[in-house]
Amino acid sequence: MRKIVCCLALLGVLSALQAAEEHVGTYAEIDIERGARIYFSGCVLCHGPNGDAVPQVQLRSNHFRHAVSDEDLMHVITSGIPGTGMPANNLDGTDQNGIVAFIRNMDQRLSDTTSAGDATRGKLLFEGKGGCLGCHRVNGVGSRTAPDLSEIGLMRTAQALMQKLREPQSLILPINRSIRAVTRNGTVITGRRLNEDTWSVQLIDSKENLVGLQKADLRQYTVLKTTSMPAYKDVLSEAEIADLAGYLLSLKGQN
Amino acid sequence: MRIFTALLLLLPGALWAQSVPVTYDRLLHAAAEPQNWLTYSGSYDSRRFSKLSEINRSNVKSLALKWVYQLESLQKPETSPLVVNGVMYLTQPPNDVVALDARSGRAFWIYQYRPAPGYKVCCGAVNRGLAILGDTLYIGTVDAHLIAIDAKNGRPLWNTTVADYTVGYAITVAPLVIKDKIILGVAGGEYGVRGFIAAYDAKSGSESWRFNTIPAAGEKGIETWEGDSWKHGGGPAWVTGSYDPELNLTYWGIGNPGPDWGPGQREGDNLYTDSVVALNPDTGALQWYFQFTPHDSSDFDSVQVPVLIDALWDGRARKLMAWANRNGFFYMLDRTNGQFLGGHPFVKVNWASGLDANGRPIETPQPAGEPVFPGNQGATNWYSPSYSPRTHLFYVSAWENYSSVLVFAPAEYRAGQAFLGGRAVPPILGAASPSIRVTPINNYTAELGSGAVIALDLTGAPRWKFETTAVTDAGILTTASDLLFTGGREGYFYALDARNGKVLWRAPVGGPISAAPITYELDGRQYVAIAAGHALFAYALEH
């Protein structure tokens, strides 16, 4: 039986087709993710997980009392609304963009479970047949060699997750690419790139060691263009992929 | 008593240096006193080139840290310090001023300024530096004031309101002193301001003249704006200009039109956005202009430092202006009249296929959803370039292989709110592109953009290139010993051989460099100083 090498680089695997579709008239995924993190760490306390906890404000459906445009939203976020509970927030432009991007996509993020399957069954697949914990980690369980998925449900839609499970090779976030380094004495080091500059690279190796390398000390340094994560269309049924996506969507962090 | 005083003056490294006010004449000849650094770019021609040569290609490897001054600010320092007779003056973001002993980094005094709450700066509460005339320092503030400060004790002398910060005006630029006037421009291009450059009397702070970078109804150039769109047309000027005393012209780069990504809301060429303007420094009268990016849709501010070069062009001596623009093209202009002499891309460009005989871009608009090269932050930006009269090369910090997908959305102007007209997103969904935000982790990697120092000859032909993994916001300094000092986001400060780009020395500074280096000399020892992370570092050779 083929051993499933599960480097489920879900954070890093993306669909080029989807990229082209989602760009037109929409927001950068990176901004949406940043906004989701900020929302669920702060705004959620008043606005609630569905964005409907403040009377007459439905963030999820973009029904606001004091804003129409994105610029209005930024103004409300940074200046607050006097006489209400909405405070002024000292956020830089990137974080402002993020919150606006998340709010504009909140409904899609929270409701895009149409094609996702059963999270309970998906969890069994994740921990069993899928072999995902061999590379990924969720809430403190599993390997750290591939990206931690504890908050993946905040960051990805069901459609995107399923596409990535089927075709992980289609696109990988550049930073998550695996690297292969050979030192002057012939030692081979493989791992996932965490950071890089002109003269050095920082990675987590296959034994979960945090390793810093000086490029001048290496005989060979290669950034791999392929991922070792299997294409699950060859491993799981469509129904199972949907269930797995359902589980991943349910992962929204422990806090 | 007299003997005591005389002895102190003879001592190298005396606790006080001879006090000589920085006259306009000294500013005119700043390059002739390389022991000091008297203006933002070191001299009116803005070459950021020093005649100092003690540190050279042979001994630079033994360059050592002499002192560090930790800034009391977590904002990004973009400051280029001044050095006058052994005293270093620098800004601590947003708008504090610090006077240091340039030998030791110990502070003489600190002027603390608290800007009005609610000031608006799109991209960080930054400040690029000071100007000095006589014994007075000048700083522009993020709440749009110009303040004169006594260079001896840090006391404010006058405080002039330049513009209304509540609608989005701010000052981040280091002012430029010409004769008896303090000249500066405003920021606010992301808030739909109407930009301007203005001059203030050095003694009183009263406004002497104002050049509006966007023409009003009835003025020449208004025909390049559709309807009332000029009223919120942007055109800030947030990088220090240059000056040619013979021509009596000061040159300033003008920023993006407003809304940034809303070209459909402002049909026309949108003068004088994304242009260089040549002004009479006595009156503010426009002598000529050259527009790099008419009807901009990519936020291609032309707020680069104008570099003035006197050289042969087509066999005859000409007064030139070299300009590596945010739009990806390198230009050579005749600075007497703004005539376009030549221009070529210095990075990958796909928004235009080239420049026509007048220097106007031959545009090649990309389909919706497709990446535009260079991306929103441009091929370069405010990062000071350098020109060495020894190598005859122009050096620029560039972003290579970098693109953005532009998304347009109509914007309605509301005073004091962002007026953007869309946004720029990374070409790979879910990935981070390099952006104005600087973090210790390079999560975009070279696949979405990388950095380089590019050496161009005066025709724009690349002579050499030093490539870095991360993009760079650092300025460049060159010296008479053919050294080039720069750094970048990766947290290193380094010296290259200005003739071939070879790395000769490198030091970790533990944080990104978004400022430009300077050099000065004290007691016969050459120093090189750079702001990095949240500190100012000074290096010299071990003696």
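Residues numbered from 1 in each chain as written. Chains lettered and ligands numbered in written order. Predicted model: local features only at pLDDT ≥ 70, side-chain atom pairs only at ≥ 80, totals over all residues.

A.B. asks: Account for helix α2 (residues 29-47) of chain A, naming residues and giving values.
C.D. replies: For α2 of chain A, which comprises 19 residues, the first-to-last C-alpha distance of 22 Å sits more than 12% below the rise-based estimate of 27 Å (1.5 Å per residue). Downstream of α2 of chain A by a residue or two, Gly 48 of chain A has a phi angle that is positive, lying close to 80°. (Helix = DSSP H or I, 4+ residues; strand = E, 2+ residues; numbered from the N terminus. Expected span 1.5 Å × (residues − 1).)

A.B. asks: Outline helix α4 (residues 93-104) of chain A, supporting the account with residue identities and numerical values.
C.D. replies: Residues three or four positions apart in an α-helix share a direction because the helix packs 3.6 residues into each turn. With 12 residues, α4 of chain A extends 16 Å between its outermost C-alpha atoms, agreeing within 8% with the 16 Å of an ideal straight helix rising 1.5 Å per residue. If you check which residues of α4 of chain A are buried, you get Gln 96, Asn 97, Gly 98, Ile 99, Val 100, Ala 101, Phe 102 and Ile 103 of chain A. (Buried ≥ 20, exposed ≤ 12 C-beta atoms within 10 Å, placed from the backbone.)

A.B. asks: Hey, could you go over the sheet that holds strand β10 (residues 156-161) of chain B for me, with residue numbers and the actual values?
C.D. replies: All names here are of chain B. In space, the four strands of this open sheet follow the order β7-β8-β9-β10, with antiparallel pairing throughout. Strands with a single pairing partner mark the edges of an open sheet, and in this sheet they are β7 (131-133) and β10. Mean inter-strand twist for the sheet, computed between neighbouring axes without regard to direction, equals 20°. Bridge analysis of β7 against strand β8 (residues 136-140) gives three bridges, and the strand direction is antiparallel. Residue pairing across strands places Ala 131 opposite Tyr 138, the latter belonging to β8. (Pairing = 2+ DSSP bridges. Axes fitted to C-alpha atoms, helices over the stretch in contact; angles between N-to-C directions.)

A.B. asks: Tell me about the interface of chain B and chain A, residues and numbers included.
C.D. replies: Between chain B and chain A, the contact holds 32 residues from the first and 26 residues from the second. Here the side of chain B that touches chain A is composed, by residue class, of 19 nonpolar, eight polar and five charged. (Contact = placed C-beta atoms within 7 Å. Nonpolar A, V, L, I, M, F, W, Y, C, P; charged D, E, K, R; others polar.)

A.B. asks: So what's going on with the confidence of the model for chain A? Residues and values would help.
C.D. replies: Summarising the model, chain A shows a mean pLDDT of 82, and 87% of its residues fall at 70 or more. Segment residues 1-25 of chain A is flagged for pLDDT under 50; beyond a separation of four residues in sequence, or across chains, it makes 78 contacts in the model. (pLDDT = per-residue confidence, 0-100.)

A.B. asks: I'd like a description of the domain arrangement of chain A, backed by residues and values.
C.D. replies: Frequently, the measure chosen for interface size is the accessible area that the parts lose on association. On domain assignment, one finds that chain A holds domain 1 (27-104) and domain 2 (178-223). Here the C-alpha centroids of domain 1 of chain A and domain 2 of chain A sit 40 Å apart. (Domains from an automatic or database assignment.)

A.B. asks: With reference to specific residues and values, describe unusual backbone geometry.
C.D. replies: Residue and element names in this part refer to chain B. Of note, the bond from Pro 93 into Pro 94 is cis; its omega dihedral lies within 30 degrees of zero at 0°. With respect to the helices and strands, Pro 94 occurs in the loop between β4 (87-92) and β5 (96-101). Following Phe 373, the chain continues to Pro 374 via a peptide bond in cis, the omega torsion being -10°. Within the chain, Ala 144 stands out as a residue other than glycine whose phi angle is a positive 65°. Its place among the elements puts Ala 144 in the loop between β8 and β9 (145-150). Judged by the 26 C-beta atoms lying within 10 Å of it, Ala 144 falls in the buried class. Unusually for a residue other than glycine, His 392 sits at a positive phi of about 60°. Tracing the backbone through its elements, the reader meets His 392 in the loop between β25 (386-388) and β26 (393-400).

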